[in-house]
Protein chains: 2
Amino acid sequence: MKISYNFKDSNLLKQALTHPSHKSCNKNPSYERLEFLGDKILGAIIAKYIYIKFQHSPEGHLSLMHSNLVSSEAINKVANKVSIGEFIIMDKGEENSGGRKNANNIENVMEALIGAVFLDGGYQESEKFVLDLWEGTFSRDDMMHKNPKSLLQEIVQKSGKSIPTYEVTKKSGPSHESIFEVCVTAQDIGSAHADGNSIKEAECNAALKLIEKLNLK
Amino acid sequence: MKISYNFKDSNLLKQALTHPSHKSCNKNPSYERLEFLGDKILGAIIAKYIYIKFQHSPEGHLSLMHSNLVSSEAINKVANKVSIGEFIIMDKGEENSGGRKNANNIENVMEALIGAVFLDGGYQESEKFVLDLWEGTFSRDDMMHKNPKSLLQEIVQKSGKSIPTYEVTKKSGPSHESIFEVCVTAQDIGSAHADGNSIKEAECNAALKLIEKLNLK
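Residues numbered from 1 in each chain as written. Chains lettered and ligands numbered in written order. Predicted model: local features only at pLDDT ≥ 70, side-chain atom pairs only at ≥ 80, totals over all residues. Heavy atoms only, no water.

Visitor: Explanation requested: the overall build of chain A in the structure shown.
Guide: A count of helical and extended segments in chain A gives 10 helices and three strands. Counting from the amino terminus, helix and strand elements in chain A follow one another as α-α-α-α-α-α-α-α-α-β-β-β-α. In terms of overall dimensions, chain A has a C-alpha envelope of 70 × 35 × 30 Å along the principal axes. Relative to its 217 residues, chain A shows a buried fraction of 47%. (Helix = DSSP H or I, 4+ residues; strand = E, 2+ residues; numbered from the N terminus. Buried < 20%, exposed > 50% of the residue type's maximum accessible area, 1.4 Å probe, protein only.)

Visitor: Looking at this structure, I do not really get the packing of aromatic side chains. What am I missing?
Guide: The description of an aromatic ring pair rests on the distance of the ring centres and on the angle between the ring planes. In total, this model carries five aromatic pairs over all chains according to the counting rule given. With 5.8 Å between their ring centres and 90° between their planes, Tyr123(A) and Phe118(B) make a pair best called edge-to-face. Here Tyr123(A), found in helix α7 (residues 123–134), pairs with Phe118(B), found in helix α6 (residues 103–121), and the two come from separate chains. Here Tyr123(A) and Tyr123(B) contribute two aromatic rings whose centre-to-centre distance is 4.8 Å and whose plane-to-plane angle is 0°, an arrangement assigned as stacked. (Phe/Tyr/Trp six-rings, centres within 6.5 Å; stacked < 30°, edge-to-face > 60°.)

Visitor: How should the interface of chain A and chain B be read in this particular structure?
Guide: Accessible area lost upon the coming together of the parts serves often as the stated size of an interface. Counting residues at the interface gives 34 residues for chain A and 34 residues for chain B. Carbon and sulfur atoms supply 66% of the area that chain A and chain B bury against each other, a total of about 2600 Å² over both sides. The three residues of chain A that bury the most area against chain B are Arg33(A), Phe36(A) and Tyr51(A), which together make up 31% of that side's buried surface. Where chain A meets chain B, there are zero salt bridges. Taken together, chain A and chain B are joined by four residue pairs in polar contact (both at pLDDT 80 or more). Where the side of chain A that touches chain B is concerned, the elements lending two or more residues are α2 (32–53), α3 (59–69), α6 (103–121) and α10 (199–216) of chain A. Among the residues making up the side of chain A that touches chain B, the classes are represented as 16 nonpolar, 10 polar and eight charged. (Contact = heavy atoms within 4.5 Å. Buried area = accessible area lost by both parts, 1.4 Å probe. Salt bridge = Lys/Arg side-chain N within 4 Å of Asp/Glu carboxyl O. Polar contact = N/O pair within 3.5 Å; in protein donor to acceptor, adjacent residues only side chain to side chain. Nonpolar A, V, L, I, M, F, W, Y, C, P; charged D, E, K, R; others polar.)

Visitor: Where do I start with unusual backbone geometry in this structure?
Guide: Across the chain, the bulk of peptide bonds are trans and the bulk of non-glycine residues have phi less than zero. The backbone of Ser83(A) sits at a positive phi, close to 50°, despite the residue not being glycine. In this fold, Ser83(A) is placed in the loop between α4 (72–81) and α5 (92–96).

In structure tokens form, the structure reads like this:
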């Protein structure tokens, strides 16, 4: 595992790598508490990064980028670059059932490592550590990986409502450069209008507007 | 408003206090972006605080205390101590509809202020700022305000399942100091057993065990 931080307290590193299955768990605590801490520290670091980088993005955009950058998928992508799975301390049973490739284990250990660096070296060091690891994921594609329409659908379905509906409410301009206006409606949540140069673009913009409204509630 | 931090950049303070309704919003940005940032910074600060203070609490306890300490209720309690509502910059319409006492507005401005202190003074200053304000809320009562049973019910209901059921599975010991074993079961989620000196205590312990299991998934 090639990480850009040297621990002063190697016990913290060991704890961050220790799966709960590990037999001598009582003596050597597992990563669970550090994972709790690291999750929150990661959230703060990524929030600061995108807040500063995207000075003109409204809150809804920032939330969208944030959820993509701290998603299980993103964390696994980053963790696999440094082959975290190979270094997890686990018992034979967990290992034999594929524990080293288990996405949950990998995510948990990555978060625990961030928590451990934060405790060992402070906020600044943990920020350096995270930004260094996350560097390759800051492309627009990664950050907008889950587009506003999918994200809105996820939010709506989590609260047990039916999926949002989209309707073209206006078309204007000459045919080769039409502007479409779309209205999105989500059950019990509300609706939002937005324009775009294609129906798809207008739908995405409308979904984003509705997500922003939700974030402000 | 008596807060323990002097801003170097007073524009950040102003932005944190500016409600989106404020007319000149285009020139003076509102608190929404800062609120996004402050929410995550608050989460990290509180996580560190309870991680260090409760060295022997398992992750489930930490999560429970954390959600209580960053709940809307807790944020409003803290914000009202320094009368934040009186200082929000808002338009007449918002003011006339009770905007200064609106719990959402108060929560948003409190989070935005934390974001502003963080940007203005760095992590350490924002930590001092938050811990100073939150000081009175760190009693066990406040942190455990929402007990494990209510929290488990909330988690389960959010995912659209029916409420968890509790069953006494064992009673042992002499009648004046009986020990009860309770099993809690939540639909599609799983079950957990725990002991207690009363049925209520055993139920709480079982709920907590199940929450911990969920957090580790």
